[in-house]
Amino acid sequence: MSEMAAGRPCPTHREIANHFGFASSFAAACHVNALIRKGALLSEPGKARALQMAENFKVVPPPVLGRIPLYGSIPAGFGDEREQEADSCISVDIATIGFKPTRNTFALRAAGDSMIGRHICNGDIVLLEHGREPRNGEIVAALIDRKSTLKTFVQKGSKRFLKAENPKYPALIPSEELMIQGVFRGLIRKV
């Protein structure tokens, strides 16, 4: 686009595709149309090579990032007695996850397939909030009889238990204790 500023004609979609290594000129056209929709480029309808850079285009500020501690993995299968230790922190775009993390927000990597009915797969990172009492049907990270797990919280009357979202796994009814460690807030999936 610096060629346009120097008075040369704007490149064709094919030239843009070749320059950026796109597989087709259609991919370049999609990118150009996105820049037009965002207001970075101006076009004159019906004219070829008539794109101009917008003078008053405002660059969108970078996303506001939050840092969330990642405490390893949690079984989304059968419970486990392992201790959770902070592995690292993950940076998240607050606009993308839909909430602002607090000091009570933490992340765990799901390990297993017991929550596939709620679209949580092995390897997904679940974002949880500590300290909030769960409502019936919410996904929770819990300690049940000293074993940690990720399941759906169920309360029927005064009875509280955990339900898997995969028919291969039974419901978990506490024989001693059920302690909620965090309530589900969001999901990060790397593909």
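The structure presented is a predicted model; accordingly, all values stated were derived computationally and were not measured.

1. Overview of the confidence of the model for the chain
Thinking step 1. Considering every residue of the chain, the mean pLDDT works out to 86; 88% of them sit at 70 or more.
Thinking step 2. Element-level pLDDT for the chain is lowest in helix 1 (residues 2-5), with a mean of 49, against a maximum mean of 96 in strand 6 (residues 125-129).

2. So, the nonpolar core
Thinking step 1. If you look at the biggest cluster of nonpolar residues, it comprises 12 residues: Ile 74, Ala 76, Phe 106, Leu 108, Ala 110, Met 115, Ile 120, Val 126, Leu 128, Ile 139, Ala 141 and Leu 150.
Thinking step 2. Those elements that provide at least two residues to this core are strand 5 (105-111), strand 6 and strand 7 (139-144).
Thinking step 3. Considering every element that reaches this core, the biggest residue donor is strand 5, with 3 residues.
Thinking step 4. Each residue touching Ala 76, except ones within four places of it in the same chain, is listed here: Ala 110, Ala 111, Gly 112, Asp 113, Ser 114, Met 115, Leu 150 and Lys 151.

3. Focus on the packing of aromatic side chains
Thinking step 1. Counted by the stated rule, this structure contains 2 aromatic pairs.
Thinking step 2. With 5.8 Å between their ring centres and 25° between their planes, Phe 20 and Phe 22 make a pair best called stacked.
Thinking step 3. The exposure class of Phe 20 is exposed, given its relative accessible area of 55%.
Thinking step 4. Residue class for Phe 22 comes out partly exposed when judged on its relative accessible area of 26%.
Thinking step 5. Ring geometry for Tyr 71 versus Phe 106: centroids 6.0 Å apart, planes at 65°, classification edge-to-face.

4. A closer look at the sheet that holds strand 6
Thinking step 1. Ordered by their spatial adjacency, 8 strands build an open sheet running 4-3-5-6-10-7-8-9, and the pairing between neighbours is mixed. If you trace the sheet from one side to the other, it starts and ends with strand 4 (88-93) and strand 9 (159-163), each paired once. When the angles between neighbouring strand axes are averaged without regard to direction, this sheet yields 50°.
Thinking step 2. The pairing of strand 8 (residues 147-156) with strand 9 spans 5 bridges and is antiparallel. Pairing of Gln 155 across the sheet is with Arg 160, part of strand 9.

5. What about unusual backbone geometry?
Thinking step 1. In this model, Asp 145 sits at a positive phi of 50°, which is unusual for a non-glycine residue.
Thinking step 2. With respect to the secondary-structure elements, Asp 145 resides in the loop between strand 7 and strand 8.
Thinking step 3. Its identity is not glycine, yet Arg 146 carries a phi of approximately 70°, on the positive side.
Thinking step 4. Positionally, Arg 146 belongs in the loop between strand 7 and strand 8.

6. A closer look at the packing of helix 2 (residues 13-20) against helix 3 (residues 25-38)
Thinking step 1. It is the contact of helix 2 with helix 3, at a shortest axis distance of 8 Å, that shows an interaxial angle of 100°. Put simply, helix 2 runs roughly perpendicular to helix 3. Where helix 2 approaches helix 3, its residues His 13, Arg 14, Ile 16 and Ala 17 are matched on the opposing element by Ser 25, Ala 28, Ala 29 and Val 32.
Thinking step 2. Here the residues of the contact of helix 2 with helix 3 are counted per class, giving 5 nonpolar, 2 polar and 1 charged.

7. Examining the pattern of salt bridges
Thinking step 1. For the structure shown, the criterion picks out 8 salt bridges.
Thinking step 2. With a shortest N-O distance of 3.7 Å, Lys 163 and Glu 165 are connected by a salt bridge.
Thinking step 3. For Lys 163, a relative accessible area of 37% translates into the label partly exposed.
Thinking step 4. Its relative accessible area of 17% is what places Glu 165 among the buried residues.

8. Re the environment of Val 140
Thinking step 1. For Val 140, the location among the structural elements is in strand 7.
Thinking step 2. Under the relative-accessibility criterion, Val 140 is labelled buried at 0%.
Thinking step 3. For the pair formed by Val 140 and Thr 152, sequence separation is 12 residues and the distance between their alpha carbons is 6.0 Å.
Thinking step 4. Look past the residues within four positions of Val 140 in its chain and what remains in contact with it is Pro 134, Thr 149, Leu 150, Lys 151, Phe 153, Leu 162, Ile 180, Gly 182 and Val 183.

Cut-offs used in this document
Residues numbered from 1 in each chain as written. Predicted model: local features only at pLDDT ≥ 70, side-chain atom pairs only at ≥ 80, totals over all residues. Heavy atoms only, no water. pLDDT = per-residue confidence, 0-100. Helix = DSSP H or I, 4+ residues; strand = E, 2+ residues; numbered from the N terminus. Core = buried A, V, L, I, M, F, W, Y, C linked by side-chain atoms within 4.5 Å. Buried < 20%, exposed > 50% of the residue type's maximum accessible area, 1.4 Å probe, protein only. Contact = heavy atoms within 4.5 Å. Phe/Tyr/Trp six-rings, centres within 6.5 Å; stacked < 30°, edge-to-face > 60°. Pairing = 2+ DSSP bridges. Axes fitted to C-alpha atoms, helices over the stretch in contact; angles between N-to-C directions. Parallel < 35°, antiparallel > 145°, perpendicular 65-115°, else oblique. Nonpolar A, V, L, I, M, F, W, Y, C, P; charged D, E, K, R; others polar. Salt bridge = Lys/Arg side-chain N within 4 Å of Asp/Glu carboxyl O.

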